[in-house]
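Structural features, examined
The primary structure of each chain is shown beneath.
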Amino acid sequence: MRLASNARKVTISRFDSLCLRLDAMLEIPGKACGSCYLCCKVLEIEEFKKKAGKLCDHCIHEGGCGIYTKRPEVCRDYQCRWKEERSLSAQLRPDRVGTLLMDDPDSDEYHAVCDPEKPFMWRNPLVFKHLVAEAKSGRTVLAKAGLRAWRIFPDGHWQETA
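The present account deals with the structure reproduced in this document.

**Overview of the pairing of strand S5 (residues 158–161)**
The two faces of the sheet receive side chains in turn, since in a regular strand these alternate between them. Here strand S4 (residues 148–152) pairs with S5 via 4 bridges, running antiparallel. For Ala149, the partnering residue across the bridge sits in S5 and is Thr161. In this antiparallel pair of consecutive strands, S4 and S5, the connection spans 5 residues, and Gly156 shows a positive phi of 95°.

Set out below in structure tokens:
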């Protein structure tokens, strides 16, 4: 393939910069992470040998990542459902309800992930109502906290899973 004489090569660092700007342009107003860093605490990150419930060493407490441009693929791939879904109110921001809402990247399951120190935060009425609605739509819904998990059913009952 031949580039036109006035075309410019796009370097990887410039590509990353363009992607970051595109991500910022696609953000839903009012849905920025801000001071929320719950994902940096409750998710396990094997690349850093970080266990669920332990704050990532690269987390900036005011919100954000100290190695954002060099973060591992698992962090790049993480999609916060609250940030992506317009119908989820500001009241459901993860740090406000103590629960991350996310699609499981390896299955069709929908997960509510809580800090192992506060394993029942998914029982917050706003969160639970949302989880039941997801279950009613046909999704398998799991609430998780560390090694514990609970299945939420369309009729509103829940059961701890093995």
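**Side note on the sheet that holds strand S3 (residues 141–145)**
One open sheet accounts for 5 strands, arranged S1-S2-S3-S4-S5; its pairing is mixed. For this open sheet the edge positions go to strand S1 (99–103) and S5, each flanked by a neighbour on one side alone. Averaged over all pairs of adjacent strands, the angle between their axes in this sheet comes to 25°, without regard to strand direction.

**As for the pairing of strand S2 (residues 110–114)**
In terms of burial, S2 is a largely internal element, 5 of the 5 residues being buried. Of the two faces of S2, the one carrying Tyr110, Ala112 and Cys114 and the one carrying His111 and Val113 are both buried. Count of turn residues in the S1/S2 antiparallel hairpin: 6 residues. Where S2 and S3 come together, 5 bridges link them in parallel fashion. Looking at the pairing, Ala112 lines up with Ala143 of S3. Each parallel crossover has a hand, and the one from S2 via helix H6 (residues 125–136) to S3 is right-handed.

The rules behind the values
Residues numbered from 1 in each chain as written. Predicted model: local features only at pLDDT ≥ 70, side-chain atom pairs only at ≥ 80, totals over all residues. Heavy atoms only, no water. Pairing = 2+ DSSP bridges. Helix = DSSP H or I, 4+ residues; strand = E, 2+ residues; numbered from the N terminus. Axes fitted to C-alpha atoms, helices over the stretch in contact; angles between N-to-C directions. Buried < 20%, exposed > 50% of the residue type's maximum accessible area, 1.4 Å probe, protein only. Right-handed = clockwise from strand over helix to strand, strands pointing away.

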